[in-house]
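So you can see what is in the structure, the chains are spelled out below.
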Amino acid sequence: MTLTSSPFPFPSINPLNPKQLPTLHTLQMATHHLHPYAMLTPLSSLLIALLLCAATVNSSSTVPPKIGHGYRLISIEESPDGGLVGHLQVKQKNNIYGPDIPLLQLYVKHETDDRLRVHITDAQKQRWEVPYNLIPREQPPPLKQSIGRSRKTPSTAISDSQYSGSELIFSYIADPFGFAVKRRSDGQILFNSSSDESEPFSNLVFKDQYLEISTKLPSDASLYGLGENTQPHGIKLHPNDPYTLYTTDASAINLNTDLYGSHPVYMDLRNVVGQGYAHAVLLLNSNGMDVVYRGSSLTYKVIGGVFDFYFFSGPTPLGVVDQYTALIGRPAPMPYWALGFHQCRWGYHNLSVVEDVVENYKKAKIPLDVIWNDDDHMDFHKDFTLNPKAYPREKLLAFLEKIHSKGMKYIVLIDPGISVNSSYGVYQRGLAKDVFIKYGGKPYLAQVWPGAVNFPDYLNPKTVEWWVDEIRRFHELVPVNGLWIDMNEASNFCTGLCKIPEGKQCPTGTGPGWICCLDCKNITKTRWDDPPYKINASGTQVPIGFKTIATSAVHYNGVLEYDAHSLYGFAETIATHIALQGIEGKRPFILTRSTFVGSGHYSAHWTGDNKGTWDDLKYSISTMLNFGIFGVPMVGSDICGFYPAPTEELCNRWIELGAFYPFSRDHANFYSPRQELYQWKSVAVSARNALGMRYKILPYLYTLTYEAHISGAPIARPLFFSFPNLTTVYGLSTQFLLGKSLMVSPVLDKAKTVVKALFPPGTWYSLFDMTQAIVSKAPHYLTLDAPLHVINAHLYQNTILPMQQGGLISKEARMTPFSLVVTFPAGAKDGEAKGNLFLDDDELPEMKLGNGHSTYVDFYATVGEGKVKVWSDVQESEFALGKGWTIEKVTVLGLEGIGGEFGIEIEGNELVDSSTVEFSAVEHKFPLELEEGGDKRKSMMVEVKGLKLPLGKKFTMSWKMGISG
C-alpha cells in the first residue's frame, strides 16, 4: 500500500494532540479498518450538516411532542401454549412518521420461571423479525385472519388483568394499553410502559417505519448495556447521552456513537433497603434505533421490525447473564491458547518481518502464543489468497510448521467484500452460485480494500455453503488456526448506487485505498433509503446507507438490507464458525468486529480502532465489562492503541492492564511506529511481570471460560457482580474483577506512581506479593504504590486459586506443576474457602464433562477449632491422571502460624512418606493507612511445599493450626 505524503486528511489538525481529539470527519481516513467518513471535504461536510438541519428533527435532541393516543386492548385470551394472545386497536390515527398500523397482535408468555416474553406485531401482516434460524427461540402464534368477528372483552380471560408466572407477573391497562412487569418475590416493578400527561413520552406507537415504547424507571436505578459505544462517563448509562444502535464502521474513539455492534439489552441494578436487585430487558430487534435514557424513563424509537421483549428476573447480576445467555446462546468454548498473548500489526510487509517479531519476543522472554497477519499476507487485498512475493507459500508453510511444533498459532484477517475480478476464483465461484446481495437484480457494487467488491449474502443458505467451501480451500492452502473477520458492519468506502468507472483505474494504487473511486450516485428515492424518522446514526444523523450497503438492497428471500443491516457481521460469524468447525473438527477461534445479540455464542470480539491515549486506556475497561453483560466474555482492546502513537509510559501501563483482558492482543495501525512489547526496554519489563502472572493464572482463566460457556458468567466483571449490595461500586469503572474474587486496579493516568483503589469489605491479598494484605470493614479507598512496572491485583478472602508456574507459551505453561492459593479472612476464628478447576482437551469442539477428555476439580478448605483442612473432590479423573498433573504447593493465607500433626490422604489412603513436605511461614504486612486494626493483627502466609499430589485424585490434607483472633 502506497502512502501519501501525510497520512492525515487535514494537515492543520494534529491527531496526536489530545487537545485536538479527532471527530468522525478527521482522523478516520488514516486508519486501515475504518469507515472513511473523513473523505468528506470541509465544504461537503458543511453542506451535509445544513441538509441534516433541514431534515426531520431527531427527537432525541429535542423535547418531542407526543405521538398519538396509543392503542386500546380489544380482546385477550389464553393461547394453546399457555400464553396470552390479545389484539390492540389504534385509538386515533395520525401520520407522524407514517400511518399507524391499525391492529396489533399481543403475545405474552412465561417461557421459563425467570423469563417473560412480550411480543407485539401487526395483526394482519407478517413483519420482519430477527430470523429464527439465527437465534433459535419459540415462535409466537400465527396471525389470525378473523379478528374483527371474534372479539372478547379483556376481562374475560384473566382476573385482575394479571398473568402470573413463577417469578414474573405481567399486568396491563386496557385503554390506553400499557403493560407492566413485576418481580413476584419482592414486588418491584421492572418495566412500566403506561404514560400519563405528565410523562415525557408517548403511549405505544406502532407504524411501519417507526415504533416507540417507553418505561418508567426509579431515578436511582443503575443501568448498563445498550451498546456498542464508547462511554466517557464509565460503565453506567448516563442520562441524556445518546444511545443509538446500528452497526457502523466508526472508530471507537468516537464517544457516545453507534459503533460496530448492536446490543439492545440493558441490565437494571437497584438497591432497595441495602439489598441489590438486578434484572435485564432485551428488545430483540435488528433495525436501527435510538434509545433515549432520561434517568427516570427510557424510550425506544425503532425504525422497523417488531417489539419482541424478553424480561429476565435476576435478581443477581450473575443470574441475569445466566438467564440472558440461556436464550441467546452460551458463550463459545475457547481453546486454551486463545488465553495466551497475541501480537498483530497492519504493516507486517513480508514474512521475514513476522519471523523477526516471533524471534524477538523469544529473545525478550515475553510470552507469546499467537502471531497474526492483517491483510498484508493477501494478494492485492483479496480474501483467501497469498501474496506470492511477500508471503510465498512454501516459506510460509515452513514457518508455520516451526511455530506449530512449539505450540504457537497463526491467525489471519478476512473481509467480507469479495473483489470483482474475472481472474479471481473466489469471486467467480460466488457469482456462479449467486451468493451476493442484490440491487436491481444485480450484485450490489461497493468498494473496500481490493477496490470494487460484492458482498456475500450470509442469510442465503447457498452463500453459507460457498463460504464454508472457500474457507476449506484456503485452509488447504494455509493451515491457519483461526480467522479474524473484519469490516463486517458492513463497511463500504462509497455510498449509494455505484458502477466501475470507465477509462480509469480504481483504486489507482498511488494513494490511500479508502477513497471512493467508483462512479456513484445517492439513492434517496425509496423510503428504505430515506426513512421518515432519522436515527442519530454516527452521532450526526447521517443517512443510514452512508458508507455501507444501500439499505434498499435485497438479501435472500426479498429481505431488505434496511431490516437485516445490523445482522450482517453476526450472520458472517455463524457461517465462519460452521466452516472452521467442519475443517478438522477442532474448537474454532473467531475474532469479529461487528456483533449482535448472540455473537458470543460463536466468537470473540475486540473493541475496534482505539487510540494510544490515556482516555482510551480508561474507556477500554467499560467496553470490556459491557461485552461481558452482552454474552461476549472473550473481549479486549488493542493494547497500546491502534492509532499512532502511544508513549512509552502509556504502553507500560497498557500491557499491565491488557495482561488481564480476557482477550489480550497488541495491535497497531499501518502508520503507527512499531509497538511490539520488546520495542522499549521498560515496556518489556512490565510485559514480563504482567504477562508472567497471566500465564501463571491461565488455569483460573480457562476455568472462567468454562463457567462462561455453561452459565454465561463474564470472565471480566464489574465489582457489583460480587458486591451487589454496595452502591459505591455501581459506577466503578476503573477497577474490575476476573471471576468472583480477583480484583485488578490499574494505573490509568499519566505520570502516576500510585493508584487509588476501592476495597470492598473483607480481606484482600496482593497477587504479586501474598505477604501483603488489606483488611477493610467497610468500602474503603486506599492509595497503593504503583511504580512503572507494577499493577495491583488482589485476591479476595474465601477463595482457592489454582495456578501453575507459567512459561513463554501456554502449551509449556500448561504442563508445569500446579499450586493452590487458599485465602481465609485475616483475624477470623473460623473460615472456609472454595475454588474449582476445569481441564480438558482444548481442541475438542465441545467444552463439557462426560466425554472422557475432561476433568473437573472442586477445592475446599476450612479453618476452625485450631485445625486447617484442605481437600478436593474430582469428577472424571482419567483425563487429569493421563496428563500426569500434580499439585506441588499449597499456600494458605490468613493463618496464625505453623502447627503440627500434619497428615495427607489420597483417595482415602494415608500418605505414609511425607519426608519431602516442607512448611514455611511469613507474617503478613498491613498498610498503616488503614485504621481497621490490620497493622496490629498477627496473620501468616503458610506454604506447604513438596507435595506431589496427583491432581486427578481426591486428596485431604490437614494440620493443627490456630488463626489470628
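Residues numbered from 1 in each chain as written. Predicted model: local features only at pLDDT ≥ 70, side-chain atom pairs only at ≥ 80, totals over all residues. Heavy atoms only, no water.

**Q** So what exactly am I meant to see when it comes to the overall build of the protein chain here?
**A** Scanning the protein chain for helices and strands turns up 14 helices and 52 strands. Across the 965 residues of the protein chain, 63% fall into the buried class. Taking as baseline every contact in the protein chain between residues at least 6 positions apart, the subset at least 24 positions apart corresponds to 71%. On the protein chain, roughly 33700 Å² of surface is accessible, and the fraction owed to carbon and sulfur atoms is 52%. (Helix = DSSP H or I, 4+ residues; strand = E, 2+ residues; numbered from the N terminus. Buried < 20%, exposed > 50% of the residue type's maximum accessible area, 1.4 Å probe, protein only. Contact = heavy atoms within 4.5 Å. Areas by Shrake-Rupley, 256 points an atom, 1.4 Å probe, with all protein chains shown as cover.)

**Q** I'm lost on the pairing of strand 41 (residues 792-796) in this one. Help?
**A** Two faces, one strand: in a regular strand the side chains alternate between the faces of the sheet. Of all five residues in strand 41, five are buried, a share of seventy percent or more. With three bridges connecting them, strand 38 (residues 762-766) and strand 41 associate as antiparallel partners. Across the sheet, the residue bridging to W764 is Y796, located in strand 41. (Pairing = 2+ DSSP bridges.)

**Q** What am I meant to see in the packing of helix 11 (residues 681-696) against helix 12 (residues 698-711) here?
**A** For any two helices packed against each other, one specifies the crossing angle of their axes together with the interaxial distance. Axis separation between helix 11 and helix 12 bottoms out at 5 Å; the angle between their running directions is 60°. On the basis of the axis angle, helix 11 is oblique to helix 12. Taking contact as the criterion, the partners of R694, Y695 and K696 in helix 11 are, on helix 12, L698, P699 and L701. Within the contact of helix 11 with helix 12, the residues separate by chemical class into four nonpolar, no polar and two charged. (Axes fitted to C-alpha atoms, helices over the stretch in contact; angles between N-to-C directions. Parallel < 35°, antiparallel > 145°, perpendicular 65-115°, else oblique. Nonpolar A, V, L, I, M, F, W, Y, C, P; charged D, E, K, R; others polar.)

**Q** Explain the sheet that holds strand 35 (residues 736-738) to me, please; I cannot follow it from the model alone.
**A** Pairing between sheet strands relies on hydrogen bonds along the backbone, with the strands arranged either parallel or antiparallel. Taken together, the six strands give an open sheet; going across it, the order is 34-35-36-41-38-39, and neighbouring strands pair in antiparallel fashion. Edge positions in the sheet fall to strand 34 (716-717) and strand 39 (773-776), since each has one partner strand and no second.

**Q** What is the right way to look at the pattern of salt bridges in this model?
**A** Should the charged atoms of two oppositely charged side chains come close, the side chains can pair. By the definition in use, this model includes 40 salt bridges. Linking D469 and R473 is a salt bridge whose minimum nitrogen-to-oxygen distance equals 2.8 Å. Residue D469 and its partner R473 are both found in helix 6 (residues 461-477); the two are separated by four residues, about one turn of the helix. A relative accessible area of 35% places R473 in the partly exposed class. (Salt bridge = Lys/Arg side-chain N within 4 Å of Asp/Glu carboxyl O.)

**Q** Would you mind going over the side chain of D415 with me for this structure?
**A** Counting through the fold element by element, D415 comes out in the loop between strand 20 (409-414) and strand 21 (418-419). No salt bridge is formed by the buried D415, whose closest oppositely charged neighbour, R593, lies at an N-O distance of 7.2 Å. (Lys, Arg positive; Asp, Glu negative; His and termini not counted.)

**Q** Where do I start with the state of the cysteines in this structure?
**A** By definition, a disulfide links the sulfur atoms of two cysteines through a covalent bond. Applying the stated criterion across every chain yields a total of four disulfides. For C494, the disulfide goes to C516, at an S-S distance of 2.0 Å. Handedness of the C494-C516 disulfide follows from its S-S torsion of about 105°: it is right-handed. One end of the pair, C494, is in the loop between strand 26 (482-485) and strand 27 (497-499); the other, C516, is in the loop between strand 27 and strand 28 (519-521), with 22 residues separating them in the sequence. Taking only the cysteines that form disulfides and numbering them from first to last, the protein chain has the pattern 1-4, 2-6, 3-5, 7-8. (Disulfide = S-S within 2.5 Å.)

**Q** I would appreciate a short explanation of the sheet that holds strand 17 (residues 307-312) in the present structure.
**A** In space, the eight strands of this open sheet follow the order 1-2-3-4-17-14-13-11, with antiparallel pairing throughout. What marks the edges here is a single partner per strand, and that holds for strand 1 (71-78) and strand 11 (222-227). Taken over all neighbouring pairs, the strand axes of this sheet differ in orientation by 15° on average, direction set aside. Relative to strand 2 (residues 84-90), strand 1 is paired through seven bridges, and the arrangement is antiparallel. Each residue of the ladder has a partner; that of E77, found in strand 2, is V85. Sitting on the sheet, helix 2 (residues 317-328) touches strand 4 (115-122), strand 13 (263-272), strand 14 (275-283) and strand 17, and the angle it makes with strand 14 is about 20°.

**Q** When you look at the packing of helix 6 against helix 8 (residues 568-584) in this model, what are you seeing that I'm missing?
**A** Close contact between helix 6 and helix 8 brings their axes to 9 Å; oriented N to C, the two are set at 50°. As far as their axial angle goes, helix 8 and helix 6 are oblique. As helix 6 runs across helix 8, the sense of the crossing is right-handed. Of the residues in helix 8, those touching helix 6 at V464, W467, V468, I471, R472 and H475 are E572, A575, T576, I578, A579, L580, I583 and E584. Of the residues that constitute the contact of helix 6 with helix 8, the class distribution is nine nonpolar, two polar and three charged. (Left-handed = near helix turned anticlockwise from the far one by under 90°.)

**Q** What should I look at first to understand the nonpolar core in this one?
**A** By size, the foremost hydrophobic cluster in this structure holds 198 residues, and its most contacted members are L282, F455, F589, F736 and L738. When residues no more than four places from it in sequence are discounted, the contact partners of L738 are F660, Y700, L701, L704, I715, A716 and V744. If you look at the next biggest cluster of nonpolar residues, it comprises 45 residues, including I76, L88, V108 and L168. (Core = buried A, V, L, I, M, F, W, Y, C linked by side-chain atoms within 4.5 Å.)

**Q** Looking at this structure, I do not really get the environment of D383. What am I missing?
**A** Mapped onto the elements of the fold, D383 is located in the loop between strand 19 (370-373) and helix 4 (393-406). In this structure the C-alpha to C-alpha distance between D383 and I414, which are 31 residues apart in sequence, comes to 5.6 Å. Beyond its immediate sequence surroundings of up to four residues, D383 is in contact with M378, I414, D415, P416, G417, I418, Y424, V426 and W467.

**Q** Help me understand the confidence of the model for the protein chain, please; the structure alone is not making it clear to me.
**A** For any part of a model where pLDDT is low, the fine detail of the predicted coordinates should not be relied upon. Here the protein chain shows a mean pLDDT of 90. Residues at 70 or above account for 90%. Within the model, pLDDT remains below 50 along residues 148-159, and this stretch shows 20 contacts once partners closer than five positions in the same chain are excluded. (pLDDT = per-residue confidence, 0-100.)

**Q** Honestly, the packing of aromatic side chains in this entry has me stumped. Any pointers?
**A** To describe a pair of aromatic rings, you give the distance between the ring centres and the angle between the ring planes. Applying the stated criterion across every chain yields a total of 61 aromatic pairs. An angle of 75° between the planes, with centres 5.5 Å apart, marks the rings of W372 and W484 as edge-to-face. Note that W372 is positioned in strand 19 and W484 in strand 26, a separation of 112 residues in sequence. For W372, a relative accessible area of 0% gives the class buried. Classification of W484 by relative accessible area gives buried; the value is 0%. Through a chain of ring-to-ring contacts, three or more aromatic side chains come together here, namely F170, Y172, F177, F179, F191, F206, Y300, F307, F309 and F311. In this arrangement the basic side chain of K382 is found over the ring face of Y424, its NZ or CZ atom lying 5.7 Å from the centre. Here the basic side chain of R665 rests over the ring of W372, its NZ or CZ set 4.7 Å away from the ring centre. (Phe/Tyr/Trp six-rings, centres within 6.5 Å; stacked < 30°, edge-to-face > 60°. Lys NZ or Arg CZ within 6 Å of the ring centre and 35° of its normal.)

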